[in-house]
Amino acid sequence: MTDKRISEEGVVAQLESGMTIGIGGWGSRRKPMSIIRAIARSGLRDLTVVSFAGPDLGVLCATGKVRRAVYPFVSLDSIPLEPHVRAARQAGLIEDEPWDEGMFLLGLQAAAWRVPFLPTRVGLGSDLPRLNPRLSSVRSPFDDDLELVAVPAFELDAAICHLNRADLRGNACFLGPDLYFDDLMLSAARSRRFISVERVVPTAALVEEAGTELRLRVNRMMVDGVVERPGGAHFTSCVPDYERDEAFQRSYAAAAKTPEAWAEFRASWIDVSEDDYQHKIGQRQVGERASL
Amino acid sequence: MTDISRADICVVAIAECFRGDGEIVANPIGTIPMIGGRLARASFEPELMMTDGEAALIANDEAFRWPNGKVVEYYNPYRSMFDVVWRGRRHVIMGATQIDPFGNQNFAAIGPDYAKPKTQLLGFRGAPGNTVNNATSYWIPNHSPKVFVEKVDVVTGVGWDRAAAAGRGATEFFDLRLVVTNLAVLDFSGPDHRMALRSVHPGVSVEEVVAATGFELVVPADVPTSRQPTEEELRLITEVIDPDDLRHTEIP
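Note that the structure is a prediction, hence the values are computed from the model and not measured. Residue numbering note: each chain is counted from 1, following its sequence as written. Working convention: letters from A go to chains and numbers from 1 go to ligands, in the order in which they are written. Only residues with pLDDT of at least 70 are given local features in this predicted model, and only at 80 or more are side-chain atom pairs given and counted; all residues enter the totals for whole chains, interfaces and linings.

Under the scheme used here, helices are H or I runs from DSSP no shorter than 4 residues and strands are E runs no shorter than 2 residues, and both carry numbers assigned from the N terminus. Secondary structure assignment for chain B yields nine helices and 13 strands. With C-alpha atoms as the basis for the radius of gyration, the globule rule is written as 2.2 Å multiplied by the number of residues raised to the power 0.38. Expected size for 252 residues packed as a compact globule is a radius of gyration near 18 Å; at 18 Å, chain B falls within 12% of this value. The principal-axis extents of the C-alpha atoms in chain B amount to approximately 50 × 45 × 35 Å. Every one of the 252 residues in chain B was classed for burial, and the buried ones make up 52%. For every residue pair, C-beta atoms are placed from the backbone, and the pair is scored as a contact if these atoms sit within 7 Å. For chain B, the proportion of contacts with a sequence separation of at least 24, taken over those separated by at least 6, is 66%. Working definition of burial: number of other C-beta atoms within 10 Å of the residue's own, with buried at 20 or more, exposed at 12 or fewer, and partly exposed in between, all C-beta atoms being placed from the backbone.

This is the structure we're talking about:
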């Protein structure tokens, strides 16, 4: 039996500059932030980030890791616009490849099914075909003769998601309201598929943890490495394990205001080991509770 | 009877967007839209289905709090939502940072150069897919020439002219309906589906709406006044759907 456990640094060691990396979650929900922080600390650069984006894209933009952003939206949910991505975009620092969020699903599904494209109406009439050079059009071979948008398969070099529980072989479950598109993200990469989880449990405990087998939606064929990291999605939400840390997210957003503020945030919360980060978060939360 | 506020008028105007929709997902996005959608369902459009903003369709009347718990009638994660949208069983009410005379919408980026925008916004979100697959209306709480522009910088949601130019794939299920603002209700009944004034809210003049619109609005000879809530509607809004008075945080 293969034990696929690995550290955040072990994940980073398998990534290379210039790669296209898919990141799971949605907005500021269940993002693999401990691995994002490790990438932010690394020497990696020129990444193409594929994401239903939130602070994953924000942190990587603010630390200069992103060459190209491939995304249908970027939001911190409770803070509608992502200030670090805005700053990078408005300074013209990153390439921008816009998508519709449903169309995004088709690109991942096409890669997972190993077909070059999937057809859709989505995009017709909008500026997506003008602004996204990877989109093409396709004519139906059937009697309807309909002209549709051809959504190309996303070829991911790596995929990284955060789930609630996994066993050490990479079977995993989500415990919150929505899987989002994590299974497709992991299926759209041929290799370098990593998950971080709140807790590694014995395989026999997965169904009990999930309450039902219906939540066991990531299997070990889809996963090459498992990072066990309680709090690994912090400061995004990872319900029911924890809600979004809104106070922390506000300070993250405020750090976009000046280079000095960002330097301070970065020194405190990114250029530190993940163990130190989690320790400091624990202390901060104890302090917040005490001051209530 | 309680004083009727502008926000109450807007809630009713939003509710009216869903009249006749029947058994579809009503997906009004934002505070007043959500209250308006709930009002439609609690009164004249009882077959509507509505989300909790997360991954469930819920049957409760309340818009934001569920003091006695949610009554879930369907598990509807994001992936299922695309099944609903692409089958056309939905009427969405979106926002817009810019909207043009034919209803092309932008909430992705402001400025002439998309590669280096003056202001980066949300992105395309689901707007391209929504507008060519299901019924779409808009809610604009700040009717002004900065929002109502001759030409949007980026087309995220598709308008009537762009749909027609894109061909049958875009027009077959295209169903762009109404624009509700803090001043008025607009539709696309003008020549070539150009935006027209449908009603002005009580206390608002036609001139005010025209001045707040950055393009030539089609104005019929007689412009009616947006309707008032009934007493029962007002009771539903204030006692059941929005007892926390959140609608007045959006339109004071």
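That shown, we press on.
When helices and strands are counted, chain A shows 11 helices and 11 strands. Taken against the 2.2 N^0.38 rule, which gives 19 Å for 292 residues, the C-alpha radius of gyration of chain A at 19 Å falls within 12% of a compact globule. Seen through its C-alpha atoms, chain A measures out along the principal axes to roughly 70 × 50 × 35 Å. Out of the 292 residues belonging to chain A, those deemed buried represent 49%. Here the analysis covers contacts within chain A between residues at least 6 apart in sequence; of these, 74% occur between residues at least 24 apart.

With that settled, consider the interface of chain A and chain B. At the interface, 38 residues of chain A touch 35 residues of chain B. Contributions of two or more residues to the side of chain A that touches chain B are made by helix H4 (83–90), strand E4 (95–98), helix H5 (101–113), helix H6 (128–131) and strand E7 (147–152) of chain A. A breakdown of the residues in the side of chain A that touches chain B according to their chemical character gives 22 nonpolar, seven polar and nine charged. Ten residue types, Ala, Val, Leu, Ile, Met, Phe, Trp, Tyr, Cys and Pro, are classed as nonpolar, four, Asp, Glu, Lys and Arg, as charged, and the remainder, Gly among them, as polar.

What follows deals with the sheet that holds E7 of chain A. Residues and elements named next belong to chain A. When DSSP finds two or more bridges between two strands, those strands count as paired. Overall, antiparallel pairing links the three strands, which are arranged E5-E7-E6 in an open sheet. Each having just a single partner strand, strand E5 (117–120) and strand E6 (136–139) make up the two edges of the open sheet. Adjacent strand axes in the sheet meet at a mean angle of 45°, parallel and antiparallel pairs treated alike. Two strands pair when backbone bridges link them, and E5 and E7 are joined in this way by four bridges, in the antiparallel orientation. For Leu118, the partnering residue across the bridge sits in E7 and is Val151. Axis geometry follows a simple rule: fit a line to the C-alpha atoms, using only the stretch in contact for helices, then measure angles between N-to-C directions, giving values from 0 to 180 degrees.

To continue, consider unusual backbone geometry. A cis amide bond, omega 15°, links His234 of chain A with the succeeding residue Phe235 of chain A. Looking along the chain, the bond that leaves Val239 of chain A and enters Pro240 of chain A is cis, with omega of 5°. Within the secondary structure layout, Pro240 of chain A lies in the loop between strand E11 (225–228) and helix H9 (246–254). Although it is not a glycine, Asp192 of chain B adopts a positive phi angle of roughly 55°. Looking at the element boundaries, Asp192 of chain B is found in the loop between strand E12 (184–187) and strand E13 (196–200). The exposure class assigned to Asp192 of chain B is exposed, which follows from the 10 C-beta atoms found within 10 Å. Phi is positive for His193 of chain B, close to 60°, though the residue is something other than glycine. Relative to the helices and strands, His193 of chain B resides in the loop between E12 and E13. Accessibility expressed as a C-beta count within 10 Å gives 18 for His193 of chain B, which makes it partly exposed.

This part is about the nonpolar core. Each nonpolar core reported here comprises buried Ala, Val, Leu, Ile, Met, Phe, Trp, Tyr and Cys residues connected via C-beta atoms within 7 Å. Formed by 147 residues in total, the largest nonpolar core has its most connected members in Val49, Leu60 and Ile195 of chain A together with Val11 and Ile14 of chain B. For this core, the leading source of residues is helix H1 (residues 6–17) of chain B, giving nine residues. Domain assignment of the residues forming this core places at least three in each of domain 1 (8–99 + 155–275) and domain 2 (116–152) of chain A. Among all residues touching Val49 of chain A, those that are not within four sequence positions of it are Ile21, Ile23, Leu57, Leu60, Val66, Ala69 and Val70 of chain A. How far each domain reaches was decided by an automatic or database domain assignment.

All of the buried residues in H4 of chain A are His84, Val85, Ala88 and Arg89 of chain A. When H4 of chain A is viewed along its axis, its buried side chains cluster within an angular range of 135° and face the same direction. Along its buried surface, H4 of chain A packs onto helix H3 (55–62) and E4 of chain A together with strand E9 (119–120) of chain B. Immediately downstream of H4 of chain A, the backbone of Gly92 of chain A shows phi near 70°, a positive value. Note that the arc is defined by the directions from the helix axis to the C-beta atoms.

Before going further, it helps to spend a moment on the confidence of the model for chain B. The predicted coordinates should not be examined in detail at positions where pLDDT is low. For every residue, the predictor states its confidence as a pLDDT score lying anywhere from 0 to 100. Summarising the model, chain B shows a mean pLDDT of 97, and 99% of its residues fall at 70 or more. In the model output, the complex is listed with pTM 0.96 alongside ipTM 0.96.

All right, on to the sheet that holds E12 of chain B then. Reading across the sheet, the seven strands line up as E2-E1-E5-E10-E11-E12-E13 (chain B) and stay open at both edges, with mixed pairing between neighbours. Edge positions in the open sheet fall to strand E2 (49–50) and E13 of chain B, since each of these has one partner strand only.

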